[in-house]
Amino acid sequence: MKTLYIVRHGETDWNKMGKYQGITDVPLNKNGLAQAKACGEALSHVHFDRILSSDLSRALVTAESIRQEQSIPITTDKRLRELNFGDWEALLFSEIEERWPGLIDEMYLKPHIVRVPNGESFKELQERAWAGLEDFISANDEEETLLITCHGGTIRTLLCKLLDISISHCWNFSQGNTAINRVFYNGMGEFDHNILNLLNDTAHVDTLQGHQ
């Protein structure tokens, strides 16, 4: 068995403003850095054998904050990036609704069907993200504790894959900034099953500014 700690990145200014950020490399803001530090403190008792991160800085800096002083290399993989929001990148909900009436609601209701204009579908996101995570997991067949830092949409699709749940349910999983998820991974074979042991744990940021 492997234990997977899957963590969303800290807050960015685009998160705070409500702008859609997918593959755009938006850095953590001051609050996001504090969240990442708090997440590292919350996980300081965990020894990680290996670390995988999206190559976008908001995820990588979160991984570095969680690693702290542990001498563990961080593997980056662009396949773990957020959904490519295409024409929606950097736009607010209201701007998207004005230009594509009803489509954003349809994306939340039917993520398994809708493709963002000039962007990706959630199925495409799941396929590339799982390929990256599967390669990382399978690089070592021993029992391990792994840290994976990436993005809200990415994590939702990976949880669906790991739990053999239809991607149509990906929005059923809440994912706050620096949310900690823990999965006991046994494999993806016909008779294997993986256990979601912790979901969207953000207790470590409850006392930070903006979360009181």
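Each chain has its residues counted from 1, following the order in which its sequence is written. Per-residue local features of the predicted model are confined to residues with pLDDT of at least 70, and side-chain atom pairs are confined, for both listing and counting, to 80 or more; whole-chain, interface and lining totals are unaffected and use all residues. In computing side-chain properties, one takes all heavy atoms of the structure into account and sets aside hydrogens as well as water.

S.K.: Help me understand the overall build of the protein in this model?
M.R.: The helix and strand inventory of the protein stands at seven helices and six strands. The order of helices and strands in the protein, counted from the N terminus, is β-α-α-β-α-β-α-α-α-β-α-β-β. We take the radius of gyration over the C-alpha atoms and set the globule estimate at 2.2 Å times the residue count to the 0.38 power. The C-alpha atoms of the protein give 17 Å as radius of gyration, which agrees with the globular expectation for 212 residues (17 Å, within 12%). A burial count over the protein gives 50% of its 212 residues as buried. Relative to all contacts within the protein whose residues are 6 or more apart in sequence, the contacts with residues 24 or more apart total 69%. Areas reported here follow the Shrake-Rupley algorithm with a probe of radius 1.4 Å; residue values treat only the protein chains shown as occluding. Surface accessibility of the protein: about 10,000 Å² in total, with carbon and sulfur atoms responsible for 47%. Helix numbering and strand numbering both begin at the N terminus, where a helix is a DSSP run of H or I of at least 4 residues and a strand a DSSP run of E of at least 2. Only protein chains enter the accessibility calculation, which uses a 1.4 Å probe; a residue is then buried when its area is under 20% of its type maximum, exposed when over 50%, and partly exposed in between. Any two residues having at least one pair of non-hydrogen atoms within 4.5 Å are treated as being in contact.

S.K.: Even after reading the chapter, I still don't get unusual backbone geometry, so can you show me in this structure?
M.R.: If you check the backbone angles, Asn-118 has positive phi at about 60 degrees while not being a glycine. Along the chain, Asn-118 turns up in the loop between helix H5 (103-109) and helix H6 (122-138). One non-glycine residue, Thr-178, lies in positive phi territory at about 60 degrees. Counting through the fold element by element, Thr-178 comes out in the loop between helix H7 (152-162) and strand E5 (180-185).

S.K.: What should I look at first to understand the UniProt feature "binding site: substrate" (unreviewed entry) in the protein in this one?
M.R.: Per the UniProt annotation, the sites labelled "binding site: substrate" (unreviewed entry) are Arg-8, His-9, Gly-10, Glu-11, Thr-12, Asp-13, Trp-14, Asn-15 and Arg-58. Mapped onto the elements, Gly-10 comes out in the loop between strand E1 (2-8) and helix H1 (13-17). Overall, the relative accessible area of 0% leaves Gly-10 in the buried class. Setting aside anything within four residues of it in sequence, one finds Gly-10 in contact with Asn-15, Leu-28, Gly-32, Gln-35, Arg-58, Thr-62, Asn-177 and Thr-178. Positionally, Glu-11 belongs in the loop between E1 and H1. Those residues in contact with Glu-11, other than ones at most four positions away along the chain, are Lys-16, Leu-28, Asn-29, Asn-31, Gly-32, Gln-35 and Asn-177. UniProt positions are given in the numbering used here, feature names are shortened, and annotations may be inferred rather than shown by experiment.

S.K.: What exactly am I supposed to notice about the pattern of salt bridges here?
M.R.: For side chains of opposite charge, pairing can occur when their charged atoms come near one another. In what follows, salt bridge is the name for a side-chain nitrogen of Lys or Arg lying within 4 Å of a carboxyl oxygen of Asp or Glu. Under the criterion given, the structure shown has seven salt bridges. A salt bridge links Asp-55 to Arg-81; its shortest N-O distance comes to 2.8 Å. Here Arg-81 lies in the loop between strand E3 (74-76) and helix H4 (93-99) and Asp-55 lies in the loop between strand E2 (50-53) and helix H3 (57-67), a separation of 26 residues in the sequence. Its relative accessible area of 27% is what places Asp-55 among the partly exposed residues. Arg-115 is the salt-bridge partner of Glu-124, the closest N and O atoms lying 2.6 Å from each other. What emerges from the salt-bridge pattern is a single network uniting Lys-2, Arg-50 and Glu-144.

S.K.: It is not clear to me how the UniProt feature "active site" (unreviewed entry) in the protein should be interpreted in this structure. Could you clarify?
M.R.: As recorded in UniProt, the feature "active site" (unreviewed entry) lies at His-9 and Glu-82. These annotated residues cover 74 residues of sequence, but their C-alpha atoms sit close together, with the largest distance between any two at 10.7 Å. The residue His-9 is located in the loop between E1 and H1 in this model. In this view, His-9 contacts Asn-15, Gln-21, Arg-58, Ala-59, Thr-62, Cys-150, His-151, Asn-177 and Thr-178; residues no more than four positions away in its chain are not counted.

S.K.: I'm lost on the environment of Glu-144 in this one. Help?
M.R.: Counting through the fold element by element, Glu-144 comes out in strand E4 (residues 144-150). Sequence separation between Glu-144 and Lys-161 is 17 residues, and the spatial gap between their C-alpha atoms is 20 Å. Each residue touching Glu-144, except ones within four places of it in the same chain, is listed here: Met-1, Lys-2, Thr-3, Asp-49 and Arg-50.

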